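The primary structure of each chain is shown beneath.
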Amino acid sequence: MAQQSALTPQAEDFPRWYQDVIAKAELADNGPVRGTMVIRPYGYGIWERIQAELDQRIKAAGAKNAYFPLFIPESYLTREAEHVEGFSPELAVVTHAGGSELAEPIVVRPTSETVIGEYMAKWVQSYRDLPLLLNQWANVVRWELRPRLFLRTSEFLWQEGHTAHATRADATAYAQRIHLEVYRDFLLNVLAVPTYVGIKPLSERFAGAINTLTCEGMMRDGKALQMATSHELGQNFAKAFEMYFQSDQGQQELCWTTSWGASTRLVGGLIMAHGDDQGLIVPPRVAPIQVVILAIKESPEVSAAVSQLADELTKAGIRIEIDRGSGSFGRRVVDWEIKGVPLRLEVGPRDLEQGKVVLARRDSSEKQSLALNEVAETAATLLAGMHDEILHGATLRLEANTHSVTSVDEAIEATAGGFAKIAWDALKDGGEAQLRNEAITVRCLQRRDGSLPADETESDLVAIVAKSY
RNA sequence: CGGGCUGUAGCGCAGUUUGGCAGCGCGCUGCGUUCGGGACGCAGAGGUCCCGGGUUCAAAUCCCGGCAGCCCGACCA
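What counts, and where the lines are drawn
- The residue numbers shown here count from 1 along each chain, following its written sequence.
- Chains and ligands are labelled by the order in which they are written, letters from A for the one and numbers from 1 for the other.
- With pLDDT at 70 or above as the cut-off, local features in this predicted model cover only qualifying residues; side-chain atom pairs require 80 or more to be listed or tallied, and sums for whole chains, interfaces and linings still use all residues.
- Only hydrogens and water are set aside; all other atoms, that is, all heavy atoms of the structure, feed into the side-chain values.
- Proximity is defined per residue: any heavy atom of the residue falling within 4 Å of a molecule or strand makes that residue near it.
- Within 3.5 Å is the distance limit for a polar contact, defined as a pair of N or O atoms, with the added protein rule that one can donate a hydrogen and the other accept it, and that residues adjacent in sequence qualify only through two side-chain atoms.
- Strands are runs of DSSP state E lasting at least two residues, helices are runs of H or I lasting at least four, and both sets are numbered from the N terminus onward.
- In this classification, Asp, Glu, Lys and Arg are treated as charged, Ala, Val, Leu, Ile, Met, Phe, Trp, Tyr, Cys and Pro as nonpolar, and every other residue, Gly included, as polar.
- Burial status follows relative accessibility: with a 1.4 Å probe on protein chains alone, a residue under 20% of its type maximum counts as buried, one over 50% as exposed, and anything between as partly exposed.
- Throughout, a contact is declared for two residues whenever any of their heavy atoms are within 4.5 Å.
- Each cavity reported here is a set of points on a 1 Å grid over the protein atoms alone in which a 1.4 Å probe fits but cannot get out, each pocket an open set with protein on both sides within 12 Å along at least five of seven lines, and each lining residue one with an atom within 4 Å of a point.
- Grid points are joined across faces, edges and corners, and a volume is the space filled by probe spheres set on the points.

K.L.:
Honestly, the protein's contact with RNA strand B in this entry has me stumped. Any pointers?
P.N.:
Taken together, 40 residues form the shell around RNA strand B, and within it Ala 6, Arg 34, Gln 226, Ser 328 and Arg 350 come nearest. The contact in question runs from a sugar or linking oxygen of RNA strand B to an N or O atom on the side chain of Arg 142, over 3.5 Å. Thr 153 places a polar main-chain atom, nitrogen or oxygen, 2.9 Å from a base nitrogen of RNA strand B. Elements represented by at least two residues in the surface near RNA strand B include exactly strand E11 (224-234), helix H10 (329-339), strand E17 (343-347) and helix H11 (349-352). Looking at the surface near RNA strand B, the element that brings in the most residues is H10, giving eight residues. For the surface near RNA strand B, the residue count by class is twelve nonpolar, eleven polar and 17 charged.

K.L.:
I keep staring at the environment of Lys 200 and nothing clicks. Help me out?
P.N.:
Positionally, Lys 200 belongs in the loop between strand E9 (195-199) and strand E10 (211-218). According to the relative accessible area criterion, Lys 200 is buried, its value standing at 1%. Each C-alpha atom of the pair Lys 200 and Gly 340 lies 33 Å from the other, and the pair is 140 residues apart in sequence. Those residues in contact with Lys 200 that lie beyond four places of it in its chain are Arg 205, Thr 212, Thr 214, Glu 216, Gln 226, Val 442, Arg 443 and Glu 456. Within the structure, Lys 200 has its side chain in polar contact with the side chain of Glu 216 (distance 2.8 Å). A distance of 2.9 Å separates a polar side-chain atom of Lys 200 from the backbone oxygen of Arg 443.

K.L.:
Is there a simple way to explain the side chain of Asn 139 in this structure?
P.N.:
By the secondary structure assignment, Asn 139 is in strand E7 (residues 132-141). There is a polar contact of 3.0 Å between the side chain of Asn 139 and the side chain of Glu 155. Ignoring sequence-local partners within four residues, the contact set of Asn 139 consists of Tyr 67, Leu 70, Arg 109, Glu 155, Phe 156 and Leu 157.

K.L.:
Help me understand empty space enclosed by the protein in this model?
P.N.:
If a probe the size of a water molecule is rolled over the atoms, the empty space left behind becomes visible. A full pass over the atoms with the stated rule returns two cavities of 30 Å³ or more. Quantified by volume, the largest cavity comes out at close to 50 Å³. What lines the largest cavity is Glu 113, Ile 116, Gly 117, Met 120, His 162, Thr 163, Leu 233, Phe 237, Met 243, Thr 257 and Thr 258. Sorting the residues of the lining of the largest cavity by element identifies helix H5 (113-123), strand E8 (155-165) and strand E14 (256-263) as the ones contributing at least two each. Ranked by residues supplied to the lining of the largest cavity, first place goes to H5 with four residues. Residues belonging to the lining of the largest cavity are distributed by class as follows: five nonpolar, five polar and one charged. Put simply, the second largest cavity is a space of about 40 Å³. Considering the residues around the second largest cavity, the lining is formed by Trp 336, Glu 337, Val 341, Pro 342, Leu 343, Arg 344, Ala 360, Arg 361 and Arg 362.

Everything listed here is a matter of geometry and, on its own, says nothing about what the molecule does.
Written out as structure tokens, the structure reads:
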């Protein structure tokens, strides 16, 4: 049989591979309106796992979920000058509704800073009301000229946190806490994606923020993807929405606010950070299906063994799916590999006669034969170990493809297939613009020891530069 | 908004130069044989050839006018 690969190989055409894998793994489809996305059940299953893990961490950091409206008065947007300037090109605006033209156009939220600001101002009266820590799970709309499924769509799903604090120090600390304890932790411990954590230079900062924190991951083609961001908004939005509180000294003071978000883009990051020519590799903690049980040549014996194993695995807390499909064996294997299910359990009559089954790993392609009564324990052990191995592999790739350089020319060379680290001072004199001409941007700034700087004016910072999505 | 390209079955495409039966691969449906690494046989279904106009005995094909999409140059999670 001519062994033809199901997907365009990554080395041949990475964007094509990305599109192929999304279609064949049944993650998503293009929506009817350009730039929109239909998320299919398997793709949404991954998103639900992402949501569950992030939500748990967000709540552990003290924020509570709430919901604010999709429609925002246009006048809200215009209250914060930089904010409206940053977003106006990508706004979707409703001018007609209820059969007539509206007196004031309504904006479909591109983010909820403004509405939430308005209500925070109402709810915060006293220092005793602070900090106010809110989060919402929502869809937002930013009209995109160059859409790509999961990475840039005109409508996307995300989580946006919004907080108000009594002091700048408290706001800064909270933004950092979210960034490290929610995002960085989630990326490492759930998505198995190591990232460079740093601050954005002024040129890349969120519209209206005084500081933007980012987690930058490396995709398998060496490009960077911003996987989560946290912003210190200073008092910009507090001023615009008159968010005052009375201090314990009896003074009226302005709040300090933050906002932070992670979106369905994470699914795109997951695909591109781990996937190979055989398809997705979904790390076990984010996998909606951790073990697929494949019945080979269905018979009463096979069927009984499959059901029994399904029960045992489910009792062991493992997420499973049973495939009793009627296609050929090879075809079904390939389909599950494309979907990136971590473990595949092959249950067939031949092995069953010896009381055995075969367990195969997606990440390493290793197979082992084991007795029926060992399955649940072995699967649990493998799943537990796979996360670290996938993370380890990704970390090695990140390190191997990050080069320390001293000149802009070297940086351009190094970012052909990865990231470059260069002294921030070396880019200040036109270097950043020179890189931008090559479609290379400063992804983030770090201190020498990798920790978060207070702002970009700190001395001796390191810039991580790359081409990006 | 400027430059290049493309609209034909669910998807990928050929056919357009030189007008003459609407095709191919994959997928899909039915039956049968298969199921331990992309199975096979037989039988089928599926079309506004992007839209409108024109030329012609005859248009997917030629002409005119629209529309849509893709790729490349300024923003963003």
